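# Inside the fold
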Amino acid sequence: MEIKAGRLVEPCSTRITLTGAWRTFVPVVDHKKCIKCNLCEIYCPEGCIHQVQSNDVKTLRAYAYTPEQIADLPKDETVFIPDLNYCKGCSVCAHECPRRAIEMVLEEK
Amino acid sequence: MEKSLLAPGHRACAGCAMPTTIKLVLDAAGPNTIVVSPTGCLEVTTTPFPESAWCVPWIHSLFENAAAVASGVEVMLKRRCKDANVIVIGGDGSTLDIGMGSNSGMFERGHKVLYVCYDNEAYMNTGVQRSGSTPFCANTTTTPSGKISLGNPRPKKDMPAIAVAHRVPYVATASVAYPVDLRRKVKKALQVSGPSYIQVNAPCITGWTFDAGTMVEIARLAVETGLWPLVEWENGVVGQVKKVTRPKPVDEYLKLQGRYRHLFKMPDGGEMLKQIQAIADANIAKYRLVD
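Residues numbered from 1 in each chain as written. Chains lettered and ligands numbered in written order. Predicted model: local features only at pLDDT ≥ 70, side-chain atom pairs only at ≥ 80, totals over all residues. Heavy atoms only, no water.

Looking only at helices and strands, chain B features 11 helices and eight strands. Relative to a compact globule of 291 residues, whose C-alpha radius of gyration would be 19 Å, chain B shows 18 Å and is just as compact. Counting only C-alpha atoms and orienting by the principal axes, one finds that chain B spans roughly 65 × 45 × 35 Å. Taking as baseline every contact in chain B between residues at least 6 positions apart, the subset at least 24 positions apart corresponds to 69%. About 11,800 Å² of surface is accessible on chain B, with carbon and sulfur atoms providing 55% of the total. Measuring between centres, the 32 positive side-chain charges of chain B sit 3 Å from its 25 negative side-chain charges. (Helix = DSSP H or I, 4+ residues; strand = E, 2+ residues; numbered from the N terminus. Rg over C-alpha atoms; globule rule 2.2 N^0.38 Å. Contact = heavy atoms within 4.5 Å. Areas by Shrake-Rupley, 256 points an atom, 1.4 Å probe, with all protein chains shown as cover. Lys, Arg positive; Asp, Glu negative; His and termini not counted. Charge placed at Lys NZ, Arg CZ, Asp CG, Glu CD.)

Here's what the structure looks like:
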């Protein structure tokens, strides 16, 4: 009997599955309240909260932010924002934020 | 943590503690790591064929033999004079029940492998059946609460003590709510020349049934009530212990979870709450959690 070797797949390849589609509520960060403690980044089960420069339009567009949302960000600042392609809307970040700077908002698609 | 070694797009439930645990373990271990996993939520959610969320080499074989596979990996690395961290990450079902024999073998043979158990206290992947790690009075599908039962009748198996009895040089308990502590313990375990074992309390939103977002709060309450003491054993001796300044009553931890809801409704529930409080008090006394 021929024994077939196990299956090999590409590393990090779940990136092709955009789990953001699971979401009902979306975390919205109040960047004025944020003290950049990075607890949201640490606790996020998806690992999809990132530190981004607010003028880095290319990255923000890749994280599924609209030009209007990008225009609303504070100018030339490091901001903590979720990658909306993957955020499942679990609200752990909103719950753990020590400054309550993250609000879960019902998302209409 | 800009570049996590666990990619997003994995299929774990929203609000699951397990991916956060893996993220922290990989963050502490770094990219020069080989991970072996037994069957469980972790295997199913991170590697839906033909995808993988792992950015480090990762192997799955069976439910019961992750420790044996890791032993082989470690021996082969030694043979080829290569150096890498070998880590097993598995759930409580495979660690405490199904893979117990191969874990025992790995510990006893002294392979330089770190075994991390993310403990969600039941077989969550198959539908919340009781495991050896299910705590006293928890409601699961195989220990349902009702007229003749108040949930799981047996206390939790003390796996760290079993590891200590194998003379594992470094054993620790950790919690997803204490990320700095968890990272430090992983780094310390990887410095040890023999096997090491870390059991991480990882709340399960589906099996424990709690509100979305309270995952970290629940894990923190487990520590603050004394039900999940954060302890290290170095060469069998209790080392650093996370002190709890003012232990909270266990009710605060239990009432947030659907799996204990019956204790607050049924007439005999109060007596059970006292017994659970006694478990916490015993931990507090045993590990001197309060100064």
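So, on to the interface of chain B and chain A. Listed as interface residues are 36 residues of chain B and, on the opposing side, 29 residues of chain A. Of the roughly 2,700 Å² buried between chain B and chain A on both sides combined, carbon and sulfur atoms contribute 57%. The partner of E96 of chain A in a salt bridge is R220 of chain B, and the shortest N-O contact between them spans 2.6 Å. The tally of links from chain B across to chain A stands at 20 residue pairs in polar contact (both at pLDDT 80 or more). Of all the secondary-structure elements, those providing two or more residues to the side of chain B that touches chain A are α1 (18–29), α7 (179–191) and α9 (215–225) of chain B. For the side of chain B that touches chain A, the residue count by class is 21 nonpolar, eight polar and seven charged. (Buried area = accessible area lost by both parts, 1.4 Å probe. Salt bridge = Lys/Arg side-chain N within 4 Å of Asp/Glu carboxyl O. Polar contact = N/O pair within 3.5 Å; in protein donor to acceptor, adjacent residues only side chain to side chain. Nonpolar A, V, L, I, M, F, W, Y, C, P; charged D, E, K, R; others polar.)

Before going further, it helps to examine helix α3 (residues 66–79) of chain B. All names here are of chain B. An ideal rise of 1.5 Å per residue puts 20 Å on 14 residues; α3 measures up with 20 Å between its terminal C-alpha atoms. What α3 keeps buried is the set A66, A67, A70, S71, V73, E74 and L77. Projected down its long axis, α3 carries its buried residues within an arc of 165°, all on one side. Tucked inside the fold, the buried residues of α3 contact β1 (33–37), β2 (58–60), β3 (85–91), α5 (100–109) and β4 (114–119). Within two residues after α3, C81 carries a phi angle of roughly 55°, on the positive side. (Expected span 1.5 Å × (residues − 1). Buried < 20%, exposed > 50% of the residue type's maximum accessible area, 1.4 Å probe, protein only. Arc of directions from axis to C-beta.)

This brings us to the pairing of strand β8 (residues 237–241) of chain B. The side chains of a regular strand alternate, first on one face of the sheet and then on the other. Residues and elements named next belong to chain B. As judged from the three bridges shared by strand β7 (residues 231–234) and β8, these two strands associate in the antiparallel manner. Each residue of the ladder has a partner; that of W233, found in β8, is V238. In textbook terms, the turn of a hairpin is the stretch between consecutive antiparallel strands, and for β7 and β8 this stretch comprises two residues, one of which, N235, has a positive phi near 50°. (Pairing = 2+ DSSP bridges.)

Attention shifts here to unusual backbone geometry. Residue and element names in this part refer to chain B. A cis amide bond, omega 5°, links F49 with the succeeding residue P50. The backbone of C137 shows a phi angle near 75°, a positive value even though the residue is not glycine. Mapped onto the secondary structure, C137 falls in the loop between β4 and α6 (159–165).

So, about the state of the cysteines. In this structure the tally under the stated criterion is one disulfide over all chains. Paired by a disulfide, C12 of chain A and C55 of chain B hold their sulfur atoms 2.1 Å apart. With C12 of chain A in the segment before β1 (25–29) and C55 of chain B in the loop between α2 (41–46) and β2, the pair connects residues from two separate chains. A residue is classified by how much of its surface remains accessible, and C12 of chain A, at 21% relative accessible area, is partly exposed. Cysteine C40 of chain A is unpaired, with the sulfur of C37 of chain A as its nearest cysteine sulfur at 6.3 Å. With no disulfide partner, C16 of chain B has as its closest neighbouring cysteine sulfur the one in C13 of chain B, 6.1 Å distant. (Disulfide = S-S within 2.5 Å.)

Turning to the pattern of salt bridges, a few remarks are in order. In total, this model carries 18 salt bridges over all chains according to the counting rule given. Counted as one network, the salt bridges with shared partners bring together D181, R184, K185, K188, E232 and E234 of chain B.

All names here are of chain B. Inspection of every chain in the model, using the stated rule, returns six aromatic pairs over all chains. Residues W208 and F210 carry aromatic rings whose centres are separated by 6.5 Å and whose planes lie at 80° to one another, so their mutual orientation is edge-to-face. For the pair W208 and F210, a shared accessibility class is recorded, and that class is buried. Seen from their ring centres, W233 and Y287 are 5.9 Å apart, and the 85° between their planes marks the pair as edge-to-face. In this pair, W233 is assigned in strand β7 and Y287 in the segment after α11 (269–286), connecting sequence segments 54 residues apart. A residue is classified by how much of its surface remains accessible, and W233, at 10% relative accessible area, is buried. One aromatic cluster is present, built from ring pairs that chain together F107, Y115 and Y197. Lying over the aromatic face of W208, R259 brings its terminal NZ or CZ to 3.8 Å of the ring centre. (Phe/Tyr/Trp six-rings, centres within 6.5 Å; stacked < 30°, edge-to-face > 60°. Lys NZ or Arg CZ within 6 Å of the ring centre and 35° of its normal.)

The subject of this paragraph is the pairing of β3 of chain B. Residue and element names in this part refer to chain B. With respect to burial, β3 is a largely interior element, seven of its seven residues being buried. Here β3 shows no split at all, with N85, I87, I89 and G91 on one side and V86, V88 and G90 on the other all buried. Where β1 and β3 come together, four bridges link them in parallel fashion. Counterpart to V36 in the pairing with β3 is V88. By the bridge criterion, five bridges tie β3 to β4 in an arrangement that is parallel. In the sheet register, I87 faces β4, and the bridge partner there is L114.

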